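Breakdown of the fold
This is what each chain is made of:
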Amino acid sequence: MDFSRYDFDPAIHDEMFVADGEPRDHCRAVYEALKGLPDGDLNTIQERVTRSFSQEGITFTVYGDEEAEERIIPIDCVPRLLALAEWRELEAGLVQRIRTLNLFLADVYGDCRVVRDGVIPADVILGCPQYRLAMRGVGVPNDVWVTICGTDIVRTHEGFMVLEDNLRVPSGVSYMIANRKAVKAGLRRLYRRSRVQDVEQYGSLLRQTLCELSPGGRPDPCLALLTPGTYNSAFYEHMFLAHEIGAELVEGQDLLVNDGFVYMRTTSGLRRVDVIYRRVDDDFLDPLVFRDDSLLGVPGLMNAFKRGNVALANAPGTGVADDKSVYAYVPDMVRYYLGEEPLLQNVETHLCRRPEDLEYTLDNLERLVVKRVGESGGYGMLVGPHSTPEERDEYARTLRADPADFISQPTLALSRSPCLIDGHAEPRHVDLRPFVLTGNETRIVPGAFCRVALRRGSLVVNSSQGGGGKDLWVVDL
Amino acid sequence: MLARSAQGVYWMARYLARAGYLSRLLELQVQFLVDRSVEEIHFGWKRIYRCMKRLPPPGEEFLPETDEFALADAFTLADDLTFERSNPDSVWSTVASGRENARQMRHCISGEMWTCLNAAWLRIRDLEAVDIWRTPEVFYARTRSEIHNFVGVADATMYRGAAWRFMRLGRAIERAQLAVSLLLAQIDLSRRTERRTLGWASMLRTHHALEAYGRVYGIDLQPDRVLDLLVADPSLPGSVLATVQAAATELQGLDGGPGVEADAAARRLAGRAEALILYDWPEASAPEELLEQVGQSTRDLHEAVLDAFVDYAIEDSPLR
């Protein structure tokens, strides 16, 4: 692999290099091996990886894109490396954070001490559209609100930072496993030599975690994965996970509630369902409680859930904890609930609901990233440094009209990692999304869905916005 | 098994069986274009369209027998039966539908089956008639072979659970219906020609039965014997009897549906189709009438299977 044109920038943290041409210790062996590969070998591997995704139908759908219903997520075959010690540090931070967020959710749907004690203003929580009144006073199995969390992590020279906590229906884990399978097959010897930590036990850990939620500890619970259907952008993942955990892949139409219990329609009659891994948003879960026009959900599901006859993972209402406004308070929550200093830092966040933050944001639009509180997937955001004056003017008007709907953050110099571009190595910005499972205990496989902004200079890693994937190797070297 | 999943694998198998059968018919038909008479070529097209219960592109059953343009029109007909997106029974549409059902039910089939089918789909997805027209028989043979591969891969890798049974049931019912339909078309069309044996050899080839016929009856081709072989020989995998027996076997292997009556109705219909051939066929004075009855039984069986296992009334179901 040709690294001669690699554009090392000391201002940006590089995942492989500590200085120009000087690899980090844990990357040295992989770097030397990649560099020693004959020209064209990696291209062949890259083609094989892409072809395997196509043949196995590992696809996603872009909303509103009727022409390209099934798209392949571009994958770069050069792995991103993380030392095991770095991973352990990250893992400890993730465990601390998920403990905090579960305590927060129990609190905001319970006594609301966090508000009464003045840690978070009431209007931040009650004004959040993801706060579900229907969940007030509801208990959840083992006090676990967030069973599956996919935290977006970025790295700068200052270390790891949390960009977003995805606590509703985080996706991407299937790509973590698919990327691993494909890249491992392409770089067999290198993989073996690098002592890479395994991620393929994710399915069995997820199954174990979901089984721990079984109502009343019912043995050998019946699991179902509730999908919005085949047109959902993450349908491949739903199918993949259902297969991995031995669950039925159900749609709302397959389920019904009778006398407070949930049943699915099988070929031999109605069968009780104990745990539902739902990949349907809160709004669509139960038309009797949430949106009454929903055809994706199950009438009466919330009743069964509240009576403790079925477990839902994640619990409804978790979105209040990954709201972009609430996010700004997570470090305070860690101190409040655990009495500890946060191990993982947040990105500095300005809440435009505060007049001084709004003023700061408007004054610095060309330097900031501004996001809508309720949007995700890279939609509805302005990346200041990459915007035109006209775009900023337009955005400022929208921002002024409803400031509470926006936050702003500095444009981060996201770390970069080598990618195979046009046959040689070029740096591209990356983030990572590890998946945190919480049942009786918290479990994290040592790996992540690593997203990469494949367009030169782009900071947007979302697959819907031109991003791709990479395999993350946690190496014990 | 989830009722909707059972329905998905059942339809997957039906669509793919249809795609394979039609590919075989077209493979032989395009071979005819090379060296057969216009009459025989016309006969072949008519038989295919009758079998698929479709009218050719002009919208009526078509072209006088002497029409010399038949050869030139073969491209349009083949295109209509192969790549026409608006024809739900074209090869392209049936592979697409089979693959889409498989995509939605991937967790019910083996990964190898999915990969095999998806590769076939990716090959034909962007093709058009003009792309295959230099050697169309190669395309049809390959498509048929890919579907055979899929069935073989399923046999080698799929767990023998309810999904397996529903898949085999779908395949058997589809093959039975197609075989009956083609036989009825052949009987009717051959009555209208002076050449008594026209089309019967290709009936054997369609069902991969040429060698079997020679082994059982020798080289003398007699329509009655061909008909007997294709309808009532249990040792010929594509015979009507073998396919209805396969359907009955798969149904027997399934756990009962929630409604006792609907479940019994499905099993009774499978038995009836089999009994018609086993006991009535040898004495039948009007074979097409009996074949019509068998065909109706298989259509009823399809409805009964869905009633018993998928669309049953919730009140019929015990809570488990």
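Digging into the overall build of chain A
Counting its regular elements, chain A contains 14 helices and 25 strands. Against the compact-globule benchmark of 23 Å for 477 residues, chain A has a radius of gyration of 22 Å, which places it among compact chains. A principal-axis box enclosing the C-alpha atoms of chain A has dimensions of 70 × 60 × 50 Å. The burial tally for chain A puts 49% of its 477 residues in the buried class. In chain A, 70% of the contacts between residues at least 6 apart in sequence involve partners at least 24 apart.

Remarks on the overall build of chain B
Broken down by element type, chain B carries 14 helices and 0 strands. Start at the N end of chain B and walk to the C end: the helices and strands fall as α-α-α-α-α-α-α-α-α-α-α-α-α-α. Relative to a compact globule of 320 residues, whose C-alpha radius of gyration would be 20 Å, chain B shows 20 Å and is just as compact. Dimensions of chain B, computed from the C-alpha atoms along their principal axes, are close to 65 × 50 × 35 Å. A total of 320 residues make up chain B; the buried ones form 47% of that total. Nonlocal contacts in chain B, meaning residues at least 24 apart in sequence, comprise 73% of its contacts between residues at least 6 apart.

With respect to the environment of A:Tyr395
All names here are of chain A. Assignment of secondary structure puts Tyr395 in helix α14 (residues 389-401). Looking at Tyr395, the number of C-beta atoms within 10 Å reads 19, which means it is partly exposed. Other than its neighbours up to four places away in sequence, Tyr395 contacts Leu365, Val370 and Leu382.

Comments concerning the pairing of strand β25 (residues 467-475) of chain A
Side-chain direction in a regular strand flips from residue to residue, so the side chains alternate between the two faces of the sheet. Residues and elements named next belong to chain A. Extensive coverage of β25 is indicated by the burial of 9 of its 9 residues. Neither face of β25 is exposed, since Gly467, Gly469, Asp471, Trp473 and Val475 on one face and Gly468, Lys470, Leu472 and Val474 on the opposite face are all buried. Both strand β5 (residues 75-83) and β25 contribute to a ladder of 6 bridges, which runs parallel. Following the sheet pairing, Arg80 is matched in β25 by Leu472.

Considerations on the domain arrangement of chain A
All names here are of chain A. Domains assigned within chain A are domain 1 (90-154 + 201-345) and domain 2 (351-410). Here the C-alpha centre of domain 2 lies 30 Å away from the C-alpha centre of domain 1. The interface is formed by 6 residues belonging to domain 1 together with 7 residues belonging to domain 2. Its residues assigned to classes, the side of domain 1 that touches domain 2 comprises 2 nonpolar, 2 polar and 2 charged.

Side note on the sheet that holds strand β11 (residues 261-266) of chain A
Residues and elements named next belong to chain A. If you trace the 3 strands from one edge of the open sheet to the other, you get β10-β11-β12, paired in antiparallel fashion. Each having just a single partner strand, β10 (255-258) and β12 (269-272) make up the two edges of the open sheet. Across this sheet, the average inter-strand angle for adjacent strands is 40 degrees, counted without regard to direction. Note that β10 and β11 share 4 bridges and pair antiparallel. Bridge pairing links Leu255 to Met264 in β11.

Regarding the pairing of β11(A)
Residue and element names in this part refer to chain A. Summarising burial for β11: 5 of the 6 residues are buried, a large majority. Hairpin connection between β10 and β11: a loop of 2 residues separates the two successive antiparallel strands, and Asp259 in this loop has a positive phi of roughly 55 degrees. Across 4 bridges, the pairing between β11 and β12 is antiparallel. By the bridge assignment for β12, Thr266 is matched with Gly269. Counting the residues that bridge the hairpin from β11 to β12 gives 2 residues.

A short note on the confidence of the model for chain B
In this model, chain B carries a mean pLDDT of 92, and residues with pLDDT of at least 70 account for 95%. What the predictor reports for the complex is a pTM of 0.90 with an ipTM of 0.87.

Side note on the packing of helix α1 (residues 3-35) of chain B against helix α8 (residues 162-191) of chain B
Residues and elements named next belong to chain B. Direction vectors running N to C along α1 and α8 enclose 35 degrees, while the axes themselves pass 7 Å from each other. Along this stretch, α1 crosses α8, giving a crossing that reads as right-handed. Residues Ser5, Ala6, Val9, Tyr10, Trp11, Met12, Ala13, Arg14, Ala17, Arg18 and Tyr21 of α1 touch α8, and the partners they reach there are Ala162, Ala163, Phe166, Met167, Leu169, Gly170, Arg171, Ile173, Glu174, Arg175 and Leu178.

Here we look at the interface of chain A and chain B
Listed as interface residues are 24 residues of chain A and, on the opposing side, 25 residues of chain B. Elements that contribute at least two residues to the side of chain A that touches chain B include exactly α2 (41-56), α9 (235-245), β9 (248-250), β10, β11 and β12 of chain A. A class-by-class count of the residues in the side of chain A that touches chain B yields 8 nonpolar, 10 polar and 6 charged.

As for unusual backbone geometry
Residue and element names in this part refer to chain A. The omega angle of the peptide bond from Ala313 to Asn314 is -5 degrees, so this bond is cis rather than trans. For Asn314, the position within the fold is in the loop between β14 (311-313) and α11 (324-327). The backbone of Cys112 shows a phi angle near 60 degrees, a positive value even though the residue is not glycine. You can call Cys112 partly exposed: it has 15 C-beta atoms within 10 Å. Positive phi is not limited to glycine here, since Asn142 has a value of about 55 degrees. Mapped onto the fold, Asn142 is located in the loop between α5 (122-126) and β6 (148-156).

A short note on the environment of B:Glu303
Positionally, B:Glu303 belongs in helix α14 (residues 287-309). Measuring from C-alpha to C-alpha, the distance between B:Glu303 and B:Ala313 comes to 14 Å, with 10 residues separating the pair along the chain.

Structural notes on the sheet that holds strand β17 (residues 368-372) of chain A
All names here are of chain A. Here 4 strands make up an open sheet; going across it, the order is β16-β19-β17-β18 and the pairing antiparallel. Edge strands, defined here as strands with exactly one partner in the open sheet, are β16 (350-351) and β18 (382-383). In terms of strand pairing, β17 meets β18 through 2 bridges, oriented antiparallel. Bridging from a neighbouring strand, Val369 pairs with Val383 of β18.

Looking at the packing of helix α2 (residues 38-51) of chain B against α8(B)
All names here are of chain B. It is the contact of α2 with α8, at a shortest axis distance of 8 Å, that shows an interaxial angle of 135 degrees. Comparing their axes, α8 and α2 come out oblique. With respect to the hand of their crossing, α2 and α8 are arranged in right-handed fashion. From α2, Phe43, Lys46, Arg47, Arg50 and Cys51 reach across to α8, where they touch Leu178, Ser181, Leu182, Ala185, Gln186 and Leu189. When the residues that make up the contact of α2 with α8 are grouped by side-chain class, the tally is 6 nonpolar, 2 polar and 3 charged.

Thoughts on the nonpolar core
By size, the foremost hydrophobic cluster in this structure holds 229 residues, and its most contacted members are A:Ala224, B:Ala6, B:Val9, B:Ala163, B:Val240 and B:Ala247. The greatest single-element share of this core, amounting to 16 residues, is contributed by α1(B). Looking at this core, you find at least three residues from each of domain 1 (90-154 + 201-345) and domain 2 (351-410) of chain A. Not counting residues up to four positions away in its chain, the partners in contact with A:Ala224 are A:Ala247, A:Glu248, A:Val250, A:Met264, A:Val273 and A:Ile276.

A look at the environment of A:Ser233
Position of A:Ser233 relative to the elements: it lies in the loop between β8 (223-226) and α9. Residues A:Ser233 and A:Cys112, 121 residues apart in the sequence, show an inter-C-alpha distance of 35 Å.

About the criteria used
Residues numbered from 1 in each chain as written. Chains lettered and ligands numbered in written order. Predicted model: local features only at pLDDT ≥ 70, side-chain atom pairs only at ≥ 80, totals over all residues. Helix = DSSP H or I, 4+ residues; strand = E, 2+ residues; numbered from the N terminus. Rg over C-alpha atoms; globule rule 2.2 N^0.38 Å. Buried ≥ 20, exposed ≤ 12 C-beta atoms within 10 Å, placed from the backbone. Contact = placed C-beta atoms within 7 Å. Pairing = 2+ DSSP bridges. Domains from an automatic or database assignment. Nonpolar A, V, L, I, M, F, W, Y, C, P; charged D, E, K, R; others polar. Axes fitted to C-alpha atoms, helices over the stretch in contact; angles between N-to-C directions. pLDDT = per-residue confidence, 0-100. Left-handed = near helix turned anticlockwise from the far one by under 90°. Parallel < 35°, antiparallel > 145°, perpendicular 65-115°, else oblique. Core = buried A, V, L, I, M, F, W, Y, C linked by C-beta atoms within 7 Å.

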